[in-house]
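Coordinate analysis (summary)
Here are the chains, one letter per residue:
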Amino acid sequence: MKSEKHEDTEAVTLAADWGDISQGLRKDLGHQLHSQWIKPIQLGGFCKESGTLDLFLPTDFSATWVQDRFADRLSLAWKIARSEVKNVRIQVHPGRRQMPELRIGSDGRRPANDGMGGAMSLSAGTIGERGFTSSVGLDPSLTFAAFVTGTTNILGCNAAQRMAATDTPQFSPLYLKAATGQGKTHLMHAIGHAYLTAHPRARIFYCSAERFMVEFVQALKQNQMMEFKARLRSFDLLLVDDIQFIIGKASAQEELLYTIDALLAEGKRLVFAADRAPQALDGVEPRLLSRLSMGLVADIQPADIDLRRQVLESKLTRFAPLEVPADVIEFLARTITRNVRELVGGLNKLIAYAQLTGQEVCLKLAEEQLTDILSANRRRITIDEIQRTVCQFYRIDRSEMSSKRRARAVVRPRQVAMYLAKVLTPRSYPEIGRKFGGRDHSTVIHAVRLIEDLRKRDADMDGDVRSLLRQLES
């Protein structure tokens, strides 16, 4: 009985360590690589005598890939987490069936919507009277209807809709450039859904550049390059995400170049996405760079405060009848600024915690439960920076922030600066007062409450504050 209890405790401890290691690797490798190669790993047994820990993957191919590229990193991470781990053994799960080999149809080509398994692969399409069905590995929730637009992403969204329309697009390829978590992958899935709706018999291939590399290497090893080329050229719409991962792979770059030329010559549609502009892709040959940038490069900028509010409001409908106070939404929109994915993740985490613990969603709970996300996003804005920005905005001298003058043209900007200092910095009322000519904390409290009230009643004042917030948070 004690032995079984000890084994259970050991298993729980190993699982906890693996959770920490996996999370660390996710930050190092990024969401894409982590989901595709690290997330499928399952813990095996740990032999204390030899210090060997088994890690299982579902296929020979995935086990070999992880062994070649991540074995050293996994081994080091485990040794740091548990000193008794001397060796990490990566192998196929003994209870898993092997994945099917590359299947070639009667016409010598692999079915267009058939995939190779894994997190980013495509599920096999079924052929019927209407051609291939919509089972092409697209996330059903990532549609144009679910995409929230604002001034920072409207160009990318409009270009994506044009690419999916029935009319021949004026540009091809479309290249979506955006930082992580700003919506480029969402738009790629939305293009796929909309295009299938307009062209039910269409053949679509969605993959990451990393996935493209996997299939390319496997085709080389299996002497099936002719089938690989024919399959790529059979698609009506090719969607390749995270194209930056193809950097330095000369043979794969060449094949992608030929594929782009062949598809464009036949009037097919191509969409690429990356976290940088084509010209910033180091290690990519000039011919491929010219193809990537010959259509439209749509830059998706980081979401501004208004778009972040809209995104949060759009997600709240999923949690009805649970109420999220307006001050919590405002707090999240102002503090989680790095990317939209993290913003939505913060909201989901907060609501899940509230539901599981039976607590009401409030500002205090948000500050307590989202400390990691908030600290990673919070840019250190200083009171000096706020004073300088406010003085430039209202065209007054910087010395007026500390002066004793009571003229309205000076007092109101000073009160706005005090309000912003309280909203954007962690400083207390007395600390803020000292930065404004040694004023008492009650003066700061009065200023903060006054500006809050004016924002509700006076559209001009609210507009001024919003403009200043955008300047300070950009």
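This section reports on the structure supplied with the text. For every chain, the first residue of the written sequence is number 1, and numbering continues from 1 along that sequence. Where totals are concerned, whole chains, interfaces and linings use all residues; where local detail is concerned, this predicted model gives features only for residues with pLDDT of at least 70, and gives and counts side-chain atom pairs only at 80 or more. The basis for every side-chain value is the complete set of non-hydrogen atoms in the structure, without hydrogens or water.

1. Quick notes on the environment of Ile 381
Labels follow the DSSP assignment, with helices taken as runs of H or I lasting at least four residues and strands as runs of E lasting at least two, numbered in each case from the N terminus. By the element assignment, Ile 381 lies in the loop between α14 (371-377) and α15 (383-394). For the pair Ile 381 and Glu 473, spaced 92 residues apart in sequence, the C-alpha separation works out to 8.1 Å. The contact definition used throughout considers only heavy atoms, calling two residues in contact when any of these lie within 4.5 Å. The contacts of Ile 381, once residues within four sequence positions are left out, are Ile 386, Leu 424, Thr 425 and Leu 472.

2. Let's talk about the packing of aromatic side chains
Only Phe, Tyr and Trp rings take part, Trp by its six-membered ring, and two of them pair if their centres are within 6.5 Å. Stacked means planes under 30 degrees apart, edge-to-face means over 60, and tilted covers everything else. Taken as a whole and assessed by the stated rule, the structure comprises six aromatic pairs. Here Trp 18 and Trp 78 contribute two aromatic rings whose centre-to-centre distance is 6.1 Å and whose plane-to-plane angle is 5 degrees, an arrangement assigned as stacked. One end of the pair, Trp 18, is in helix α1 (residues 2-29); the other, Trp 78, is in helix α3 (residues 60-81), and 60 residues separate them in sequence. Taken as a pair, Trp 18 and Trp 78 share a single burial class, namely buried. Between buried and exposed lies partly exposed: a residue is buried under 20% and exposed over 50% of the maximum accessible area for its type, with that area taken using a 1.4 Å probe on protein chains only.

3. What about helix α12 (residues 340-357)?
What a helix is expected to span follows from its residue count: subtract one and scale by 1.5 Å. A rise of 1.5 Å per residue sets the reference length of α12, with its 18 residues, at 26 Å; its end C-alpha atoms lie 26 Å apart and thus fit the reference within 8%. Taking the backbone nitrogen of Arg 341 as reference, a side-chain oxygen 3.1 Å away marks Asn 339 as the first, capping residue of α12. Pairs of N or O atoms are called polar contacts if they sit within 3.5 Å, as long as, within protein, a hydrogen donor faces a hydrogen acceptor (for residues adjacent in sequence, only side-chain-to-side-chain pairs).

4. Describing the pattern of salt bridges
Salt-bridge detection follows one rule: a side-chain nitrogen of Lys or Arg within 4 Å of a carboxyl oxygen of Asp or Glu. What the rule picks out here adds up to 25 salt bridges. As a salt-bridge pair, Glu 342 and Arg 338 come within 2.8 Å of each other at their nearest N and O atoms. Overlapping salt bridges bring together Asp 306, Arg 309, Glu 330, Arg 334, Arg 455, Asp 462, Arg 466 and Arg 470 as one network.

5. Considering the sheet that holds strand β10 (residues 296-300)
If you trace the five strands from one edge of the open sheet to the other, you get β7-β8-β9-β6-β10, paired in parallel fashion. Edge positions in the open sheet fall to β7 (204-208) and β10, since each of these has one partner strand only. The mean inter-strand angle of the sheet, taken between neighbouring strand axes irrespective of direction, is 15 degrees. As defined by bridge partners, β7 adjoins strand β8 (residues 237-241) across five bridges and the pair is classed as parallel. Residue pairing in the sheet places Phe 205 in a bridge with Leu 238 of β8. In this description, a line fitted to the C-alpha atoms serves as the axis of each element, helices being fitted only across the stretch in contact, and the angle between N-to-C directions of two axes falls anywhere from 0 to 180 degrees. Against the sheet, helix α5 (residues 184-198) makes contact with β6 (174-178), β7, β8, β9 (269-274) and β10, and its axis sits at roughly 165 degrees relative to β8, the strand it touches most. Note: two strands are recorded as paired if DSSP finds a minimum of 2 bridges between them.

6. Notes on unusual backbone geometry
Cis peptide bonds are those with omega within 30 degrees of zero, and the linkage from Ser 172 to Pro 173 qualifies with 5 degrees. Counting through the fold element by element, Pro 173 comes out in the loop between α4 (154-164) and β6.

7. Here we look at the nonpolar core
Definition used in this section: a nonpolar core is a set of buried Ala, Val, Leu, Ile, Met, Phe, Trp, Tyr and Cys residues joined via side-chain atoms within 4.5 Å. Counting residues in hydrophobic clusters, the biggest one holds 29 residues, and the most contacted among them are Phe 212, Ile 243, Ile 246, Leu 256 and Phe 272. Listing elements by their share of this core, those giving two or more residues are β7, α6 (209-221), α7 (225-232), β8, α8 (250-265), β9 and α9 (286-292). Those residues in contact with Ile 243 that sit more than four places away from it in its chain are Tyr 175, Ala 209, Leu 256, Phe 272, Ala 273, Ala 274 and Leu 281.

8. Remarks on helix α11 (residues 326-335)
The buried fraction of α11 is high, at seven of 10 residues. Burial in α11 covers these residues: Val 328, Ile 329, Phe 331, Leu 332, Ala 333, Arg 334 and Thr 335.

9. Some remarks on the pairing of strand β1 (residues 42-47)
Here β1 runs beside strand β2 (residues 52-57); their pairing, made up of four bridges, is antiparallel. Looking at β2, one finds that Cys 47 is bridged to Thr 52. A loop of four residues connects β1 with β2, the two strands running antiparallel in sequence, and Gly 51 in this loop sits at a positive phi of about 70 degrees.

10. What to know about the environment of Asp 282
For Asp 282, the position within the fold is in the loop between β9 and α9. Look at Asp 282 and you get exposed, because its relative accessible area is 59%.

11. Focus: the sheet that holds strand β3 (residues 87-92)
Strand order in the open sheet formed by three strands is β1-β2-β3, with mixed pairing between adjacent strands. Because the sheet does not close on itself, it has two edges, and the strands there are β1 and β3. This sheet shows a mean twist of 25 degrees between the axes of neighbouring strands, independent of strand direction. Pairing of β2 with β3 involves six bridges; the strand directions are parallel. Counterpart to Leu 53 in the pairing with β3 is Val 88. Against the sheet, α3 makes contact with β1, β2 and β3, and its axis sits at roughly 165 degrees relative to β3, the strand it touches most.

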